[in-house]
Amino acid sequence: MNKEMLLVVITAFLVSAGWASSASAAMKGTPVDYRTCDLRDGKTIEDLNKVTAKFRAYASKSNTEYAAWTLFPQYHTHQDYDLAWMGAWPDARSFGVSMEGWMKDGKGLAAEFDQVMDCSSRHMMVASYPINAPAGVPQDGLWLFYGCDLNEGVSVPEAYEAHLEAGQAMKTMGSLSLSWMMVPGIGAAREEPDYYFALAFYRYSDLGETMEMFTNKGGQQARGKILNKVSSCGSPVLLDAVSVRAHDER
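Below or above, wherever it landed, is the structure these notes cover. This is a predicted model, so every value here is computed, not measured.

Calculation rules
- Residues numbered from 1 in each chain as written.
- Predicted model: local features only at pLDDT ≥ 70, side-chain atom pairs only at ≥ 80, totals over all residues.
- Heavy atoms only, no water.
- Buried < 20%, exposed > 50% of the residue type's maximum accessible area, 1.4 Å probe, protein only.
- Helix = DSSP H or I, 4+ residues; strand = E, 2+ residues; numbered from the N terminus.
- Pairing = 2+ DSSP bridges.
- Axes fitted to C-alpha atoms, helices over the stretch in contact; angles between N-to-C directions.
- Parallel < 35°, antiparallel > 145°, perpendicular 65-115°, else oblique.
- Contact = heavy atoms within 4.5 Å.
- Nonpolar A, V, L, I, M, F, W, Y, C, P; charged D, E, K, R; others polar.

In terms of burial, strand β5 (residues 141-150) is largely enclosed, as seven of its 10 residues are buried. Where β5 and strand β9 (residues 237-245) come together, five bridges link them in antiparallel fashion. Bridge pairing in β9 links L142 to D240. Examined bridge by bridge, β5 and strand β7 (residues 195-201) share seven bridges and lie antiparallel to one another. Within the sheet, the bridge partner assigned to C148 lies in β7 and is Y195. Bridge analysis of β5 against strand β8 (residues 231-233) gives three bridges, and the strand direction is antiparallel. Bridging from a neighbouring strand, L150 pairs with S231 of β8.

Now the structure itself:
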């Protein structure tokens, strides 16, 4: 996925008209914010780390329930940005409160971020629905993102139910993946897929175990039997994820 397609991570709300018609009562979505960024000339990841350290202190002082990661492309085609920033809140109310605080008190820190990296090319919001997800949020690890289009006549809630079934089947077979369904919202391009299927792993060895299960132990056939009825998904991109802040960090 390039700058005109989301990967990672994304922040739309259920007040969006598109979501109101597609999200079912059984689906509890949370806001996720995603943007692609380029380091400015002469700036390095070390420069960014200095600003993120200040951001962690600000977020903890403000008691904001915000988690964030920096994502670095690894396996991809034409990935024309240096890194991505993905942030998540436990619910839309937390988003609203933290954004009001950021707009009021975070202007100086926002300017420091802007001096290090340019994130103006892509900023998107999605609603994230858990499939196989932890009670909290992942820390360092890796993410795979698939762009998926619904089959004719299939709704987002129907596809979500299929992903829940497929996720349980993969977990039973030994998959160590965490997974979410992410539905594009505010800032989405016209050519966005209907949704993104996101997989996360804590370690590459966990990814390798799941790949072995998927490729050589029937996982691909088992998942395809369930999901091919509802949607078609392209090849994923893979990004390394570095935790900037956990949502409950103090």
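Text resumes after the structure shown.
Here helix α3 (residues 92-105) crosses helix α4 (residues 107-116) at 80°, and the two axes come no closer than 5 Å. In this view, α3 runs roughly perpendicular relative to α4, as classed from their interaxial angle. Together, W102, M103, K104 and D105 of α3 and K107, L109, A110 and F113 of α4 make up the contact between the two elements. The residue inventory of the contact of α3 with α4, partitioned by class, reads five nonpolar, no polar and three charged.

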